[in-house]
Amino acid sequence: LTRQPASQPVSPDARRHPNTHTHDTMAKRAANGGAAGALDDEALAKVAVVGIGNPLLDISVDATGTDLLTKYGLEADNAIMAEEKHMPLYKELIEKHKVSYVAGGSALNTMRAGQWLYGAPGAFGYLGSVADDAYAATLRKAVADDGVLANFYLCTEADTPTGTCACLITNGKRSLVANLSAANKFDAAHVAADAAQRMLGAARILYSSSFFLTVSPPAAEALGKHALEHNKVFAMNLSAPFLMQVPPFLEAVKSLLPYADIVICNDDEARTLAKAMEWEPVDDLAATAEKLAKTTKHNEKRARTVVFTQGAKPAVVYRDGKCTEYEPVALDDEHPLVDENGAGDAYVGGLLAALARNKSFDEAMATAAYAAWVVIQRHGCALPADKPKLDFKGFSFPPAY
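Position numbers for residues count from 1 along each chain, tracking the sequence in the order it is written. Thresholds applied to this predicted model are a pLDDT of at least 70 for local features of residues and 80 or more for the giving and counting of side-chain atom pairs; totals over whole chains, interfaces and linings are not thresholded and use all residues. Water and hydrogen atoms were dropped before computing side-chain values, which therefore reflect all heavy atoms in the structure.

Caption draft 1: Looking closely at the state of the cysteines. Sulfur atoms of two cysteines make up a disulfide when they are within 2.5 Å. Overall, the coordinates contain zero disulfides when judged by the stated rule. With no disulfide of its own, C265 has C323 as its nearest cysteine by sulfur position, at a separation of 13 Å. Of the residues examined, C265 reaches a relative accessible area of 3% and is grouped as buried. Unpaired in this structure, C381 has its nearest cysteine sulfur neighbour in C167, at a distance of 11 Å. Buried means the residue's accessible area, taken with a 1.4 Å probe over protein chains only, is under 20% of the maximum for its type, while exposed means over 50%, and partly exposed covers the values in between. C381 gets classed as buried once you look at its relative accessible area, which sits at 2%.

Caption draft 2: Highlighting the environment of F211. Secondary structure follows DSSP: runs of H or I at least 4 residues long count as helices, runs of E at least 2 residues long count as strands, and numbering of each begins at the N terminus. Topologically, F211 is positioned in the loop between β9 (205-209) and α10 (217-229). Among the residues examined, F211 registers a relative accessible area of 19% and is labelled buried. When the C-alpha atoms of F211 and G53 are compared, they prove to be 7.1 Å apart, with 158 residues separating the residues in sequence. Those residues within four positions of F211 in sequence are excluded, and the remaining contacts are N54, A79, M81, S106, S239, A240, F242 and L243. It only takes one pair of heavy atoms within 4.5 Å for two residues to be counted as in contact.

Caption draft 3: Representation of the pattern of salt bridges within the structure. Salt bridges, as used here, are contacts in which a Lys or Arg side-chain nitrogen is within 4 Å of a carboxyl oxygen on Asp or Glu. All told, the structure shown has 18 salt bridges when counted by the stated rule. Taking the shortest distance from any N to any O, the salt bridge between K71 and E92 comes out at 2.9 Å. With K71 in helix α4 (residues 68-71) and E92 in helix α5 (residues 87-96), this residue pair connects regions lying 21 residues apart in the sequence. When its relative accessible area of 12% is taken as the criterion, E92 is described as buried.

See the structure below:
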């Protein structure tokens, strides 16, 4: 799987951010172990959740009625890494289609959604790698506006722009093609730097998407080890089927799993994992959840929780020795499906936000469903300033944190 630079126009949003150099100087200092700018003692001490992942600028297009999926060998409701044959796609989207630029990357979406629900700014922190360019400026502003405390590693390699993700939406289904570029250059030493260590020290919950295992398994494992050593919660998302189908990535997933107190994925990813692990029958989600919950776990002070989402069907959860189903919020004519892209990320963000607030697991699952319900009615992982009201499963939303 190759990752190549995408063409890079300066978007209108990017033109409004003249302070890119200042931000990047701060990032360089943070990458060298120092805290600068927003990464001061007071800010770092407020962090409750830290996620690590691949920051990407989503280039989103409504591809319904086009031949884009066929032309580039893509599938609806799937996520892949860009190969050489996909490189012309980014330019074609920008030049020939109406695009929207949205801050993205699975783990970053989760941190943004979690912060949106948690309330107090700076409670959710994020680690990832960006370049010094217009895409990064757009990302930085979006992250700051959302209240997430970002500690970016700065990639200074030539011809390595900030990562992008082509998001092709067809009839509400998303096909994601990620070109990691600068995100692929994350240096695991960044996690050991002073600012990152203080973020981890303050946090109660640590999180990694498995997408990040294509970049730096040691960095993801560093979060798992910190959680183990300090008896904190470590959550991971299996992220996409290909991560269980490509042998090196599967090995990275299997190496990180023993650190996980919470494992989350959708039903397709669960079945792919079952096949990779040779767990039969692969279509029995409850059985797979139980097997996954009982696989090797380093921290024996708490049992593993497994959450398998199923879109409009109830999520299958194995927890405390039993399997339970949790319903999603139903869509209707007044609240229709617009775009599934980001809904799963928001779901995890809702779950982590409630757990970070020490809410019950039932409330956390209801919060997860609420977050997904909000996002699925919008393009991309868009988080409205005015949170919609909803009563669901005995809980009122938005939460009064």
